[in-house]
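Single-letter residue listing:
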Amino acid sequence: MKMTTLCYLERDGQYLMLHRTKKENDENRDKWIGIGGKFEDRESPEDCMKREVLEETGLSVTAFRYRGIVTFVSDVYPTEYMHLFTCTDWTGTQKECDEGELAWIAKMHLLSLPMWEGDRIFLELLDTDTPFFSLKLVYLGEKLCEAVLDGKTMIK
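Residues numbered from 1 in each chain as written. Predicted model: local features only at pLDDT ≥ 70, side-chain atom pairs only at ≥ 80, totals over all residues. Heavy atoms only, no water.

Engineer: Please set out the overall build of the chain residue by residue, giving values where relevant.
Structural biologist: The helix and strand inventory of the chain stands at two helices and 10 strands. Each helix and strand of the chain, ordered N terminal to C terminal, gives the series β-β-β-β-α-β-β-β-α-β-β-β. Taking 156 residues into account, the globule formula puts the C-alpha radius of gyration at 15 Å, and the chain, at 15 Å, falls close to it. Along the three orthogonal principal directions, the C-alpha set of the chain runs to about 45 × 35 × 35 Å. Here the chain holds 156 residues, and the buried ones make up 49% of them. When the accessible surface of the chain is split by element, carbon and sulfur atoms take 51% of a total near 8100 Å². Side-chain charges in the chain split into 20 positive and 29 negative, and the spacing between the mean points of these groups amounts to 2 Å. (Helix = DSSP H or I, 4+ residues; strand = E, 2+ residues; numbered from the N terminus. Rg over C-alpha atoms; globule rule 2.2 N^0.38 Å. Buried < 20%, exposed > 50% of the residue type's maximum accessible area, 1.4 Å probe, protein only. Areas by Shrake-Rupley, 256 points an atom, 1.4 Å probe, with all protein chains shown as cover. Lys, Arg positive; Asp, Glu negative; His and termini not counted. Charge placed at Lys NZ, Arg CZ, Asp CG, Glu CD.)

Engineer: Explain unusual backbone geometry to me, and be specific about the residues and the numbers.
Structural biologist: The backbone of aspartate 12 shows a phi angle near 45°, a positive value even though the residue is not glycine. Of the residues examined, aspartate 12 reaches a relative accessible area of 74% and is grouped as exposed. Backbone geometry at aspartate 150 places phi at a positive 50°, although glycine is not the residue there. When you line up the elements, aspartate 150 lands in the loop between strand S9 (143-149) and strand S10 (152-155). Residue aspartate 150 is classed as partly exposed on the basis of its relative accessible area, which comes to 46%.

Engineer: Break down the nonpolar core for me, with residues and values.
Structural biologist: Within the largest apolar cluster, 26 residues are counted, with the highest numbers of intra-cluster contacts made by Tyr8, Val70, Leu84, Phe122, Leu135 and Leu137. Of all elements in the fold, only strand S1 (2-11), strand S2 (14-20), strand S5 (59-74), strand S6 (80-92), helix H2 (117-127), strand S8 (133-140) and S9 reach the threshold of two or more residues within this core. One finds Leu18, Leu59, Val61 and Cys87 within the second-largest nonpolar core, a separate group that totals 16 residues. (Core = buried A, V, L, I, M, F, W, Y, C linked by side-chain atoms within 4.5 Å.)

Engineer: Quick rundown of the side chain of threonine 57? Include the residues and the values.
Structural biologist: Tracing the chain through its elements places threonine 57 in helix H1 (residues 45-57). Of the polar contacts made by the side chain of threonine 57, one reaches the backbone oxygen of valine 53; its length is 2.6 Å. Only 3.0 Å separates the side chain of threonine 57 from the backbone nitrogen of leucine 59, close enough to count as a polar contact. Setting aside residues no more than four positions away along its own chain, threonine 57 makes contact with Leu16, Ile35, Thr93, Gln94, Lys95 and Leu102. (Polar contact = N/O pair within 3.5 Å; in protein donor to acceptor, adjacent residues only side chain to side chain. Contact = heavy atoms within 4.5 Å.)

Spatial relationships are all this shows, so hold off on functional conclusions.
Right under this line is the structure:
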């Protein structure tokens, strides 16, 4: 089991996205994702998110919203509990990321990018300003087999 955070920094109808291209043996290789990573000892979800955003982008989060929890179940990877955030304000200067290329992508173009199928579901939840949610995504390999939102099956 692993605990992670993911944050979408938002400005002018765009999200800051990370195209994961630089790490070998990366389960997210060649996919576009938000900014985030694994918890360190004694961190809260907010602590982890802020640290990961700073490490990967050089930006210090000053205004954010905790949006939901996404549970990933896979036949390949350990179960992951991801704490999902959006951020609308930060300080600092964006830097190059050692895990891939950072790019500001218009929200209306996000779904055309290579990404996990389940990411499309929670991006839609973010876009429609859904209140705090719990989303369970079950994968066989890279195929999404089941999605359960707040205990109600969406995809089976």
